[in-house]
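The residues making up each chain are set out below.
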Amino acid sequence: MAGVSGPRHDDLDRHPTPGPRNSLFSWPSAKHPLRVMVNYVVIWICRVSPSLQLKNWLLRRLGTTVGTGVAWGLESTPDVFWPELITVRDDAIVGYDATLLCHEFLQDEYRTGEVVVGERAMIGAGAIVLPGVEIGADAQVAANSLVTEDVPPETTVAGVPAEPVEATD
């Protein structure tokens, strides 16, 4: 969508891919295929391993910034193409089957952007965080939400797209 702007879109790097086909056909020019294959295998191991220490150690080897005490749920998926654009700060939780995307392939371009998960933030099961998004400290993302914009600290968001929800007593 040309001309789309907003906080997330302003933080993305745009990479035009002229030609007759969509930008996904240009992926070998975006990232070396061998690097993507290595990333994929390491992330697959992380997805199925129950060991949090192993996951954190392996993801750091791929360039992901992982704080102390970070917990990755089973089947959680950091970006396979650009894991080095992910920062997960101390004591954050990335829930079961959650996905942190740092890229999006579109028709005429692909975009990349950092994803930052703040200290003690929680991303619920099945949630998807899009590139260029920052989840603030102590923020919570409800299960199966699609996070398209930054989440302020100490805020709970839910839905598709994720929006702030009021706390109930």
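One structure accompanies this document, and this report is about it. Just so it is clear, the model here is predicted, and its values are computed rather than measured.

**Points about the state of the cysteines**
This model, assessed by the stated rule, comprises zero disulfides. Distance from the sulfur of Cys46, which forms no disulfide, to the nearest cysteine sulfur (Cys102) is 15 Å.

**Considering the pattern of salt bridges**
Under the criterion given, the structure shown has seven salt bridges. Among the salt bridges present, the one from Glu75 reaches Arg47, with a minimum N-O distance of 2.4 Å. Remark: Arg47 occurs in helix H3 (residues 33-48) and Glu75 occurs in the loop between strand S3 (71-72) and strand S4 (77-78); sequence separation between them is 28 residues. The salt bridge involving Glu109 is made with Arg111; its shortest N-O contact spans 2.7 Å. By the burial criterion, Glu109 is buried, and Arg111 matches it. Put simply, Arg14, Glu104, Glu109 and Arg111 are held in one network by salt bridges that share partners.

**Details of the sheet that holds strand S10 (residues 115-117)**
Taken in spatial order, the four strands line up as S2-S5-S10-S13 in an open sheet, and their pairing is parallel. Each of the sheet's edge strands pairs with one partner strand only, and the pair in question is strand S2 (65-66) and strand S13 (134-135). As judged from the three bridges shared by strand S5 (residues 86-88) and S10, these two strands associate in the parallel manner. Residue Thr87 lies in a different strand from S10, and its bridge partner there is Val116.

Conventions adopted
- Residues numbered from 1 in each chain as written.
- Predicted model: local features only at pLDDT ≥ 70, side-chain atom pairs only at ≥ 80, totals over all residues.
- Heavy atoms only, no water.
- Disulfide = S-S within 2.5 Å.
- Salt bridge = Lys/Arg side-chain N within 4 Å of Asp/Glu carboxyl O.
- Helix = DSSP H or I, 4+ residues; strand = E, 2+ residues; numbered from the N terminus.
- Buried < 20%, exposed > 50% of the residue type's maximum accessible area, 1.4 Å probe, protein only.
- Pairing = 2+ DSSP bridges.

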